[in-house]
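Take a look at the letters that make up each chain.
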Amino acid sequence: MSLRSKALIFAAAMMGATLASGPKAIAQDIRIIVVTHGQANDPFWSVVKNGVVKAAEDMKVKVDYRAPETFDMVAMAQLIDAAVNQKPTGLVVSIADASALGPSIKKAVAAGIPVISMNSGSDVSKKLGALLHVGQDEYSTGKIAGEKLKEMGGKVALCVNQEVGNVALDLRCKGFTDGFGGKVTVLPVSNEPAEGRAKVKAALSANSSVDTILALGAGTAGEPSLAAVKDVGKTGKTNVATFDLSANFLKAVAAGEAAFAIDQQQFLQGYLPVVFLANYARYGLMPGGDVASGPNLITKDKAAQVVELSAKGIR
């Protein structure tokens, strides 16, 4: 055998070894932990979790999804600290309260764990060391909603907040107030629909001049607000809109009983961070900036198309 033939055989063998090692390197053991503030009984967060699960399946990585049982920033910070101690490949967090969660997120960054924020915290994500944020800008979205409802003739409004203490929801109400221009009262409720319905009904009964309601969550505040409007006989006379989607609220929009819903595509908020962190671990790839998953106003002309996907836990 000639020297040239031996060299070719050696080169082919080395190339085969390299190709054989490639899939093993790509299939490294990647484990991502997702910690959110979302409560188990909130249908919004079930869609986020669906996105996380689908991304884990598509990217063939291990993902743990964790959240406190109630809206509890102390408990959430403890979940983040526990995640850091387990040294995951990547960490995804929602930042509902930067002052409460910031120290724990900074610990993760200091430990060399890549962090992506999602849903809440677009205004503080970079300061805390996250690589990027996937979500919508809450203040500007609230302002868009306020301007739209003002165009529809609104002058006196309620901003129904089902998660008091969540800075992102405070920003929604502030943006709504600035965009609406009229009188806005923030009405705190819980995420229990029956309680929300009763409180909105009481507020409407106490002030008959209320002509507009913006709820900050479809299933937890939007649907109860629609029910309360019906209770006091003001369906069609009071414009009701909501952040986020639910099948029942979308049906009301399609029927002309509600003004619109704001879609921030929370499925993507769960899905994309997992995809980004998996690709970052494997190839060092990461988008160069934040990813805006919303807003998208779902009005009467589009609502019927989205109902089925909402019922399936995708929209």
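Scroll up for the structure.
Asker: What should I look at first to understand the overall build of the protein chain in this one?
Answerer: In terms of regular secondary structure, the protein chain is built from 11 helices and 12 strands. Seen through its C-alpha atoms, the protein chain measures out along the principal axes to roughly 95 × 40 × 30 Å. Buried residues in the protein chain amount to 49% of all 315 residues. Summarising the internal contacts of the protein chain: among those between residues at least 6 apart in sequence, 74% fall at separations of at least 24. Surface summary for the protein chain: the accessible area is close to 14,100 Å², and the carbon and sulfur share equals 57%. Taking the 33 positively charged and 28 negatively charged side chains of the protein chain as two groups, their mean positions are separated by 6 Å.

Asker: Explain the layout of surface pockets to me, please; I cannot follow it from the model alone.
Answerer: The rolling of a water-molecule-sized probe over the atoms marks out the regions of remaining empty space. Approximately 180 Å³ is the volume found for the largest pocket. Every residue along the wall of the largest pocket is listed here: Glu-223, Leu-226, Ala-227, Val-229, Lys-230, Thr-235, Thr-238, Val-240, Asn-248, Phe-249, Ala-252 and Glu-257. Broken down by secondary-structure element, the contributors of at least two residues to the lining of the largest pocket are α8 (218-231) and α9 (247-254). Considering each element in turn, the lining of the largest pocket owes the most residues, 5 residues, to α8. Residue composition of the lining of the largest pocket, by class: 6 nonpolar, 3 polar and 3 charged.

Asker: How should the nonpolar core be read in this particular structure?
Answerer: Note that soluble globular proteins tend to have their nonpolar side chains buried in a common cluster. Judged by nonpolar contacts, the single largest core of 28 residues is most densely connected at Leu-158, Val-160, Leu-204, Ile-213 and Leu-250. Among the secondary structure elements, those contributing two or more residues to this core are β6 (156-161), α7 (193-206), β8 (212-215), α8, α9 and α11 (300-311). Broken down by element, the residue count for this core peaks at 5 residues, all from α9. Met-118, Phe-267, Tyr-271 and Val-275 belong to the second largest nonpolar core, which has 24 residues in total.

Asker: Sorry if this is basic, but what is going on with the sheet that holds strand β1 (residues 31-35) here?
Answerer: Strand pairing in a sheet relies on backbone hydrogen bonds, with the paired strands running either antiparallel or parallel. With parallel pairing, the 6 strands of this open sheet are ordered in space as β2-β1-β3-β4-β5-β11. The open sheet terminates on both sides in strands that have one partner only, identified here as β2 (62-66) and β11 (291-292). Here 3 bridges tie strand β3 (residues 90-93) to strand β4 (residues 115-118), and the two strands are oriented parallel to one another. Across the sheet, residue Leu-91 finds its bridge partner in β4, namely Val-115. Contacting β1, β2 and β3, helix α3 (residues 73-85) crosses the sheet at an angle of about 170° to β1.

Asker: Can you help me understand helix α4 (residues 98-110) in this one?
Answerer: Residues lying three or four places apart along an α-helix face the same way, a consequence of the helix completing one turn every 3.6 residues. Compared with an ideal rise of 1.5 Å per residue, which puts 13 residues at 18 Å, α4 spans 17 Å between its outermost C-alpha atoms and is within 8% of the ideal. The secondary structure elements touched by the buried residues of α4 are α3, β3 and β4. Gly-112, located one to two residues past α4, shows a positive phi value of around 85°.

Cut-off values and rules
- Every chain is numbered independently, its residues counted from 1 as its sequence is written.
- Residue-level local features of this predicted model are given only where pLDDT is at least 70; pairs of side-chain atoms are given and counted only at 80 or more, and the full residue set underlies all totals for whole chains, interfaces and linings.
- Water and hydrogen atoms were dropped before computing side-chain values, which therefore reflect all heavy atoms in the structure.
- Per the convention used, a helix needs a DSSP run of H or I reaching at least four residues, while a strand needs a run of E reaching at least two, with both numbered from the N terminus.
- Only protein chains enter the accessibility calculation, which uses a 1.4 Å probe. A residue is then buried if its area is under 20% of the maximum for its type, exposed if over 50%, and partly exposed in between.
- Whether two residues touch is decided by their heavy atoms; if any such pair falls within 4.5 Å, the residues are in contact.
- Here the Shrake-Rupley method, with its probe set to 1.4 Å, supplies the accessible areas, and only the displayed protein chains count as covering residues.
- Positive charges come from Lys and Arg alone, negative charges from Asp and Glu alone, with His and the N- and C-terminal ends not counted.
- Lysine's charge is taken at NZ, arginine's at CZ, aspartate's at CG and glutamate's at CD.
- Cavity means a closed set of points on a 1 Å grid over the protein atoms alone, one where a 1.4 Å probe fits but cannot get out, pocket means an open set with protein on both sides within 12 Å along at least 5 of 7 lines, and lining means a residue has an atom within 4 Å of a point.
- Grid points are joined across faces, edges and corners, and a volume is the space filled by probe spheres set on the points.
- The classification used treats Ala, Val, Leu, Ile, Met, Phe, Trp, Tyr, Cys and Pro as nonpolar, Asp, Glu, Lys and Arg as charged, and all other residues, Gly among them, as polar.
- The criterion is simple. A nonpolar core is a set of buried Ala, Val, Leu, Ile, Met, Phe, Trp, Tyr and Cys residues joined through side-chain atoms within 4.5 Å.
- In this analysis, strands are considered paired if DSSP registers two or more bridges between them.
- Note on method: axes are straight lines fitted to C-alpha atoms, helices fitted across the in-contact stretch only, with angles between N-to-C directions ranging 0 to 180 degrees.
- One less than the residue count of a helix, multiplied by 1.5 Å, gives the span that helix is expected to have.

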